[in-house]
Amino acid sequence: MSRQILLGDEAVALGAVHAGLSAAYSYPGTPASEIMEYLVRLSAESRAFAAVWSVNEKVAYEEALGASFAGKRAMVSFKHVGLNVAADPFMNSAITGANGGLLAVSADDPGMHSSQNEQDSRFYVQFAQIPGFEPSDHQEAYDMAREAFDLSEKFGLPVLMRLVTRLSHSRSAVETREARPQNELKKGTGKDWILLPGNARGRFSQLLDRQAEMVRCSEESRFNRLELNAGDRSFGVIASGIAYNYFREAVAGDAAPPSFLKISTYPLPESLVRRLVAHVDKVLVLEDGYPFIERQVRGLFGVPGKTVLGRASGDVPASGELTPDIVRRALGLGPLPALPVSGLPLANRPPQLCAGCPHADTFKALNKALEGRAGASVFGDIGCYTLGALPPFNAINSCVCMGASISMARGASDAGLHPAVSVIGDSTFAHSGITPLLGAARADADMTVIILDNATTAMTGGQPTYGSGQPLLRLIEGLGVPKEHIRTIEPLPKNHETNVRIIRDEIEHRGLSVIVAVRECIQEQRKKRS
Amino acid sequence: MKQDIILAGVGGQGILSIAYVIDNAALADGLTFKQAEVHGMAQRGGAVQSHLRLADGTIWSDLIPKGQADLILSVEPLEALRYMDYLRPDGTVVTSSTPFKNIPDYPDVAQVLEAVRKAPRSVVVDAEKLAKEAGTVKAQNIVLLGAAAPVLILKEASLRATIDQLFRGRGLPILEANLKAFDLGRKAALGQ
Ligand code: SF4
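This is a predicted model, so every value here is computed, not measured. (Residues numbered from 1 in each chain as written. Chains lettered and ligands numbered in written order. Predicted model: local features only at pLDDT ≥ 70, side-chain atom pairs only at ≥ 80, totals over all residues. Heavy atoms only, no water.)

A. Structural context of the overall build of chain A. Within chain A, the secondary structure is distributed over 20 helices and 19 strands. Computed over C-alpha atoms, the radius of gyration of chain A comes to 25 Å, within 12% of the 24 Å expected from 2.2 N^0.38 for 530 residues, which places it in the range of a compact globule. The burial tally for chain A puts 59% of its 530 residues in the buried class. Within chain A, residue pairs in contact and separated by at least 24 positions form 79% of the contacts whose partners lie at least 6 positions apart. Surface exposure of chain A reaches about 20900 Å², of which carbon and sulfur atoms provide 53%. Charge separation in chain A, taken as the distance between the mean sites of 54 positive and 57 negative side-chain charges, equals 1 Å. (Helix = DSSP H or I, 4+ residues; strand = E, 2+ residues; numbered from the N terminus. Rg over C-alpha atoms; globule rule 2.2 N^0.38 Å. Buried < 20%, exposed > 50% of the residue type's maximum accessible area, 1.4 Å probe, protein only. Contact = heavy atoms within 4.5 Å. Areas by Shrake-Rupley, 256 points an atom, 1.4 Å probe, with all protein chains shown as cover. Lys, Arg positive; Asp, Glu negative; His and termini not counted. Charge placed at Lys NZ, Arg CZ, Asp CG, Glu CD.)

The following block contains the structure:
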């Protein structure tokens, strides 16, 4: 036993290692990246388990599923939108089941600190009908990761843990326990892993048969907590995950806090919810994310005689991250006395590309090359270069999801937009850009793809990339892009004129061209030097 | 005993190193702590803030409610001002006077500092000058940590030991410069 300072992400990772983890897979994405960053460090020291940055989340999930098939404990982690990418194997793994414990961790980003949407991974827990965990603090993150593997093996099912940015990126001390040994190899047997309809039907009905048992297990979990205030039957609170902390903070000084139920496991612990609702007239549901619990408690037509408040009822803002102040307001508590603010206009300080970033030079050249072309559309993608949407560049017209720059440019070009330009990073290209480019190459679609090869996954802190350098060029050629329309540029101020000319030429070519802008991320360069 | 601190600055200014030192000192002093920090997109030259809570008992929320912070510790004056609504009516602001101007509409620095000084207690140090004096301009964050040290509920020895731990691997000159930066910041604050 020892006390260690850990990020929420790291607490999950260390809990998994101490649960006998054999293999972990991930694709970087804020706020989940630090899970794998930490595992990569630990595994470099101990060499006791595999810690792999995969090419994308779907691949990561399938790799983890394979390790589970082999009888070993495996983990896969990603941000919430990464779970969308992995949704196909994720949903199917609820039918194959897990052999060695399989833990999937999805880090949600309420408030969209660095994401395209706010989706709530708890719906995926429900969608797949598997057990889920939602820690409220670091100790729980560690403990739950350990227990998740036991539960996964007990049910023979994957388990999904949901984190939120606030916990992922919060640091605190965690009490660790002794590590358990890894599983022996023991490969999956029977037809469970062959999802032909005949097998899958049987497996699905087995999954449905286990639901009541999962609810019971959730009801007995030590991570949930029901406290009834015998003297006050008017009002009670249901709080899940990190929202529980804000609630306890708000009522910390009260001698007799309202009745409350803390929920940290899914499916919902039904009997605990019923006991709380029976005890009080009015229930406030506090949850970070969507009104997931609130809607289940209320049902379609409400709970007769009871009032249910929360995000759906409008008593808590429908979007954005919960904060202690929002929770105070929802509880009917006034703001704490604070200093009057100065009234001085505080200029905003939005994020921006690092001074000297290679992307800046590419955007400058691209903007120049597109000057005077009113119909031009630039489809952007996910990475540092998304910041090219902001001034001074204002260089992209869309940013939807990983890889969409290429597929959307193809669609826009089919629809008649010209020029249709796509801008995508090397890591994102490997993640989701290869398949749409294959399609575009087969059709020789009239579009220009600019791949920004900075030799890293920069936005999330510099993880390795699969799509850089010579292998990237060979890959592009192998996809069927005509060789004479695969060009490289070096985005540097001194090459501006040349780069503008090359981009212009390729835009004028009425067919597919790919321009690879090659220059290393300056942050990574700096790291190597120091 | 408890202390709630808003750490403020701009991405890349080393506020996470300040947090690292405080966290480890808190662990050494047997205190509980929670520190919510900013990663990812916001770090690219954007405004960055970290909520850091210290106590000798349970800390529930990772975030500090408005009006509850005992201290705003900022590596940059405009960023100190940005979170004033978090400060208790009797709170303290410790900030550098050196502006970080990566935006075109940075307000008048004199006005910003004047607004900072309206806090019930304020300590303004020229971190850039002191860090240079200590031997490395990079140590501005540690100057600020030193300037906050007299207010912090942490033992000074624990803070110094953690600075030691953080910089020892980067060579003796860097370590010594940072320890000196800490002392210069501390002295500057005590003189105010
Ligand atoms: S981290 Fe690298 S790629 Fe991202 S903005 Fe900075 S220099 Fe550019």
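Don't stop here, the text continues.
B. Seen up close, the sheet that holds strand β2 (residues 21-26) of chain A. Residue and element names in this part refer to chain A. Pairing is mixed across the open sheet formed by seven strands, whose spatial order is β3-β2-β4-β5-β7-β6-β12. Edge positions in the sheet fall to β3 (50-53) and β12 (265-266), since each of these pairs with one other strand and no more. Along the sheet face, helix α2 (residues 33-46) touches β2, β3, β4 (73-79), β5 (102-108) and β7 (159-164) and points at about 135 degrees away from the line of β3. (Pairing = 2+ DSSP bridges. Axes fitted to C-alpha atoms, helices over the stretch in contact; angles between N-to-C directions.)

C. The site of the ligand, seen in detail. All residues adjacent to the ligand are Leu353(A), Cys354(A), Cys357(A), His359(A), Cys384(A), Asn454(A), Ala458(A), Cys521(A), Ile522(A), Gln523(A) and Arg44(B). Each of chains A and B places residues near the ligand. Of the residues in the shell around the ligand, the class split is seven nonpolar, three polar and one charged. (Near = heavy atom within 4 Å. Nonpolar A, V, L, I, M, F, W, Y, C, P; charged D, E, K, R; others polar.)

D. Here's a closer look at the interface of chain B and chain A. Counting residues at the interface gives 48 residues for chain B, matched by 46 residues for chain A. Summed over both partners, the interface of chain B with chain A buries about 4100 Å², with 61% contributed by carbon and sulfur atoms. Taken together, the links from chain B to chain A amount to four salt bridges. Residue Glu79(B) pairs with Arg349(A) through a salt bridge whose shortest N-O separation is 2.7 Å. Put simply, chain B and chain A have 17 residue pairs in polar contact (both at pLDDT 80 or more) between them. The set of elements that each furnish at least two residues to the side of chain B that touches chain A consists of α1 (15-28), β2 (32-36), β3 (47-55), α2 (77-82), β5 (87-96) and α3 (109-116) of chain B. By residue class, the composition of the side of chain B that touches chain A is 24 nonpolar, 11 polar and 13 charged. The pairing of strand β8 (residues 170-176) of chain A with β2(B) spans three bridges and is antiparallel. Note on β2(B): the bridge partner recorded for Arg171(A) is Gln35(B). (Buried area = accessible area lost by both parts, 1.4 Å probe. Salt bridge = Lys/Arg side-chain N within 4 Å of Asp/Glu carboxyl O. Polar contact = N/O pair within 3.5 Å; in protein donor to acceptor, adjacent residues only side chain to side chain.)

E. How the structure looks around the confidence of the model for chain B. With 98% of its residues at a pLDDT of 70 or more, chain B shows a mean pLDDT of 94. Interface predicted TM-score (ipTM) for the complex: 0.94; the corresponding pTM is 0.96. (pLDDT = per-residue confidence, 0-100.)

F. Highlighting the nonpolar core. Residues and elements named next belong to chain A. The biggest cluster of nonpolar side chains holds 105 residues, and the ones touching the most others in it are Leu39, Met75, Ile238 and Leu286. The biggest single contributor to this core is helix α7 (residues 138-155), with eight residues. If sequence neighbours within four positions are ignored, isoleucine 238 has contacts with Leu261, Ile263, Val273, Leu276, Val283, Leu284, Val285, Leu286, Ile293 and Val297. Among the nonpolar cores identified, the runner-up in size contains 52 residues, and Cys357, Phe393, Ala395 and Val423 belong to it. (Core = buried A, V, L, I, M, F, W, Y, C linked by side-chain atoms within 4.5 Å.)

G. Expanded view of the pattern of salt bridges. Taken as a whole, this structure holds 46 salt bridges over all chains when the rule is applied. The partner of Glu37(B) in a salt bridge is Arg171(A), and the shortest N-O contact between them spans 2.9 Å. Taken together, the residues Glu37(B) in the loop between β2 and β3 and Arg171(A) in strand β8 connect one chain to another. On the basis of relative accessible area, Arg171(A) is assigned to the buried category, the value being 19%. Measuring nitrogen to oxygen at the nearest pair gives 3.2 Å for the salt bridge that ties Asp70(B) to Lys2(B). On the criterion of sequence distance, the pair formed by Asp70(B) in strand β4 (residues 69-74) and Lys2(B) in strand β1 (residues 2-10) is long-range, its members being 68 residues apart. Residue class for Asp70(B) comes out buried when judged on its relative accessible area of 18%. The exposure class of Lys2(B) is partly exposed, given its relative accessible area of 34%.

H. Structural detail: helix α5 (residues 87-96) of chain A. All names here are of chain A. By the criterion of burial, α5 is predominantly enclosed, with seven of the 10 residues buried. Along α5, the residues that are buried comprise Ala87, Pro89, Phe90, Ser93, Ala94, Ile95 and Thr96. The elements touched by buried residues of α5 are α3 (57-69), α4 (80-85), α6 (122-128), β7 and α9 (197-209). With its phi angle positive at about 80 degrees, glycine 97 sits one or two positions after the end of α5.

I. Looking closely at the sheet that holds strand β9 (residues 225-227) of chain A. Residue and element names in this part refer to chain A. Read from one edge to the other, the open sheet built from five strands follows the order β9-β11-β10-β13-β14, with strand pairing classed as mixed. The open sheet terminates on both sides in strands that have one partner only, identified here as β9 and β14 (307-309). On average, each strand axis in the sheet is inclined to that of its neighbour by 15 degrees, with strand direction left out of account. In the sheet, strand β13 (residues 282-286) pairs with β14 via three bridges, with the strands oriented parallel.

J. Fine view of the packing of α1(B) against helix α6 (residues 156-167) of chain B. Residues and elements named next belong to chain B. Closest axis-to-axis distance for the α1/α6 pair is 8 Å, and the angle between their directions is 125 degrees. The orientation of α1 relative to α6 falls into the category oblique. Taken as a pair, α1 and α6 cross one another with a handedness that is right-handed. Packed against α1, whose contacting residues are Ser17, Tyr20, Val21, Ile22, Asn24, Ala25 and Ala28, the element α6 presents Ser158, Leu159, Thr162, Ile163, Gln165 and Leu166 at the interface. (Parallel < 35°, antiparallel > 145°, perpendicular 65-115°, else oblique. Left-handed = near helix turned anticlockwise from the far one by under 90°.)

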